[in-house]
Every structure is written in C-alpha cells, then in structure tokens.
Amino acid sequence: MSSAPVQAAYRYCEAVTGQQARNFAYGIRLLPAAKRQAMSALYALSRRVDDIGDGTLDTATKEARLKETRVLLDRVRKGTVEEDDTDPVAVALSDAARRFPIPIDALDELIDGVLMDVHGETYETWDDLKVYCRCVAGGIGRLSLGVFGGGPAATSERAFGYADTLGLALQLTNILRDVREDAGNGRTYLPAEDLAKFGCSAGFHSATPPAGSDFAGLVHFEARRARRLFAEGYQLLPLLDRRSGACVAAMAGIYRRLLDRIERDPEAVLRGRVSLPGREKAYVAVRGLSGLDARHISRRTTRGRG
C-alpha cells in the first residue's frame, strides 16, 4: 500500500488525465489500479512537456523549462525524488518507476520531439515526419509496455516494434484531426512533398481548402497510410495480457474510428475539432475488454503465416 503523499500524487495525475486526455483516460480505465496510476503519472509528465511546447513563452524560456524537465527525469532515474517533494507529478512518476520497468529515457525522446516544435521544424518527406512521430508517440508506446508487462512476448523487440508503429498511426491521426489548429499556431506537420502533390502547400488557415487543391485526396492519402500503420501495430494485441490488450484496443479503436469520421468528411477538420461521442467510446472500450480485437488480429496473423 502506497503512503498518503504518494496516493495524493497519483490522484493529482489521474485528475490531469481525466481533464486533459479523455481518449487516453477511456483506455487506461480498463487497467488494474496500480497500472492505471502509473499510466496517469506518465501522461501527466507528458502533458507538462506538451504544454511547455504549445505555450506562449518565448523560445529561450521554453528551452529552459524543457531542460528543467530533463533534470527532473534524471532525479527519477536516480531514485532521489522524496515522497514529500512539492511536485506531485515527480512523486507519482518516481513511485511508478520503482514499481514497473519503465524506460524513462523514452520521456527524454518526447522532449526531443517537443524541441522540434519549439524550433519550428517542418518535414519534407514521410521519413522525416516519422522521426518526429517516433519521439512524441513511439516513445509513449515503449513506456506503456514497461507498465503493461505480461511476460517475454510483451517486452520483446517485436512488441516494441508494434508499439512504435501503433504510435505512428495514432500520431498521424492526430495530425489530420488538428491540421487547422496547428496551422493557426504556425505549425505544419504533413510532409511538404505530400502537400505539393495535392496542391495544398498554401496551408490550412480557413474553413475551406486552399483554392484549386485536392484536399480530400490529401486526407485520403494520409488516412490510407495511417490504416496500414494501424493494421501492423494491432499485431501487438495478442502479445499482451487481457487487461493491457483491452486498454490498447480501446485507445487505438477510438482513434481508428476518429480516422473513419475524418475520411467520410475530410473538410470537417477545417471547420472544427472532430471527436467521438461518449457512447461510441464506451462501445469501443467494451469491445476491447471483450478481447474481440485481439482474437481477430490473432486469427488474421495465424492465417497470414499459413
């Protein structure tokens, strides 16, 4: 049983997760309490890093804040965060790192990715964008596997590869959903060569596509790429225990259905934020908990090897 200060720190992280990441919260609610708490601690630290990158501070101040966060991660690695530390995220993350084999270095990769945002990086090709996506999403997949555990299969190089690929699928879906919001913040993530191919190099600064562009073609092109990534990444599910597999299936299922909505009405992402209603998220969570997705992927993988 954790001490009162540690439990209070976890409650803070769970509150942050519930308020700021409803899709993520829907997935991790399927985990046992200890794993759910650890995932909330990971999210709270990740949210802090993202908020630094997305905030209105000047570049030098953002760099300094991110450097401070790296110092915090080093304290977590060394186990020098005390239970009475004034930073509840540090307390919760440190306790989670003692309980689970969490690869804390993956949070340093997240900071690397956010620094790309701070420095205004753009991406010429999909291979360039993958580097960014692997920092901000693939690392989260590796962190999650550290919490999930579940034996050799769940911590194998194969599992880490599938988790990385699933992270790419989720991040690309995020990029499509947020294309207008990102443009308003002066950011462009989609590869420049793809934008040029579909006449969208002018960017997305209004509720209508650039004049003369094939915006729907661009969205469908990127959505097909995301679907291929989902198909490969879903092979992670049979390698996990039932509750962890349900968590991953719920989170990935929500984003895959979000991708369906974007494909059906590509210009919706220019008019506002596309999301799923709560009842649909609940259905996806129940489906994940039932193991249907994991069994389907397992059968498909077995047929593919036959």
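Structure's up top.
The structure reproduced in this document is the subject of the present report. (Residues numbered from 1 in each chain as written. Predicted model: local features only at pLDDT ≥ 70, side-chain atom pairs only at ≥ 80, totals over all residues. Heavy atoms only, no water.)

Here the focus is the side chain of R177. Inspection of the secondary structure puts R177 in helix α8 (residues 157-177). Overall, R177 belongs to the buried group, its relative accessible area being 9%. A polar contact of 2.9 Å, which involves the side chain of R177, links it to the side chain of N174. Within the structure, the side chain of R177 is placed 2.9 Å from the side chain of D178, a separation counted as a polar contact. When neighbours within four sequence positions are excluded, R177 is seen to be in contact with N23, Y255, L258, I262, V269, R273 and V274. (Helix = DSSP H or I, 4+ residues; strand = E, 2+ residues; numbered from the N terminus. Buried < 20%, exposed > 50% of the residue type's maximum accessible area, 1.4 Å probe, protein only. Polar contact = N/O pair within 3.5 Å; in protein donor to acceptor, adjacent residues only side chain to side chain. Contact = heavy atoms within 4.5 Å.)

Within this structure, the stated rule accounts for 28 salt bridges. The salt bridge involving D164 is made with R142; its shortest N-O contact spans 3.4 Å. Of this pair, D164 sits in helix α8 while R142 sits in helix α7 (residues 126-148), and the two are 22 residues apart along the sequence. There is no split in this pair, since D164 and R142 are both buried. As a salt-bridge pair, D265 and R271 come within 2.6 Å of each other at their nearest N and O atoms. Under the relative-accessibility criterion, D265 is labelled partly exposed at 32%. Take R271: its relative accessible area is 51%, and that puts it in the exposed class. Among the charged side chains, a network of salt bridges with common partners joins R70, D74, R77, K78, D105, D108 and D112. (Salt bridge = Lys/Arg side-chain N within 4 Å of Asp/Glu carboxyl O.)

This part covers the packing of aromatic side chains. Following the criterion strictly, the structure yields 6 aromatic pairs and no others. When the centroid spacing of 6.5 Å and the interplanar angle of 10 degrees are considered together, the rings of Y123 and Y189 count as stacked. One end of the pair, Y123, is in the loop between α6 (105-118) and α7; the other, Y189, is in the loop between α9 (179-184) and α10 (192-197), with 66 residues separating them in the sequence. Of the two residues examined, Y123 and Y189, each falls in the buried class. Here the aromatic cluster, defined as three or more aromatic residues joined through ring pairs, consists of Y123, Y132 and Y189. (Phe/Tyr/Trp six-rings, centres within 6.5 Å; stacked < 30°, edge-to-face > 60°.)

A separate point is the nonpolar core. Soluble globular proteins tend to pack their nonpolar side chains together in the buried interior. Grouped together as the largest cluster of nonpolar side chains are 94 residues, with contacts concentrated most on L107 and F204. A total of 10 residues in this core trace back to one element, the largest contributor, which is α7. (Core = buried A, V, L, I, M, F, W, Y, C linked by side-chain atoms within 4.5 Å.)

Further remarks concern the packing of α6 against α7. At a closest axis distance of 8 Å, the pairing of α6 and α7 adopts a crossing angle of 155 degrees. Regarding the angle of α6 to α7, the classification is roughly antiparallel. Once α6 is placed against α7, the crossing between them reads as left-handed. For the pair α6 and α7, the contacting residues are A106, L107, E109, L110, D112, G113, V114, M116 and D117 in the first and V131, Y132, R134, C135, V136, G139, R142 and L143 in the second. Residue composition of the contact of α6 with α7, grouped by class: 10 nonpolar, 2 polar and 5 charged. (Axes fitted to C-alpha atoms, helices over the stretch in contact; angles between N-to-C directions. Parallel < 35°, antiparallel > 145°, perpendicular 65-115°, else oblique. Left-handed = near helix turned anticlockwise from the far one by under 90°. Nonpolar A, V, L, I, M, F, W, Y, C, P; charged D, E, K, R; others polar.)

Here we take up the side chain of R187. Here R187 shows up in the loop between α9 and α10. In this structure the side chain of R187 is engaged in a polar contact, spanning 2.6 Å, whose partner is the side chain of D54. Sequence-distant contacts of R187, defined by excluding residues within four places in its chain, comprise G53, D54, D117 and D182.

With that settled, the discussion passes to helix α12 (residues 242-264). Between its first and last C-alpha, α12 extends 32 Å over 23 residues, near the 33 Å set by a 1.5 Å rise per residue. Capping of α12 at its N-terminal end is provided by D241; its side-chain oxygen lies 3.2 Å from the backbone amide nitrogen of R243. (Expected span 1.5 Å × (residues − 1).)

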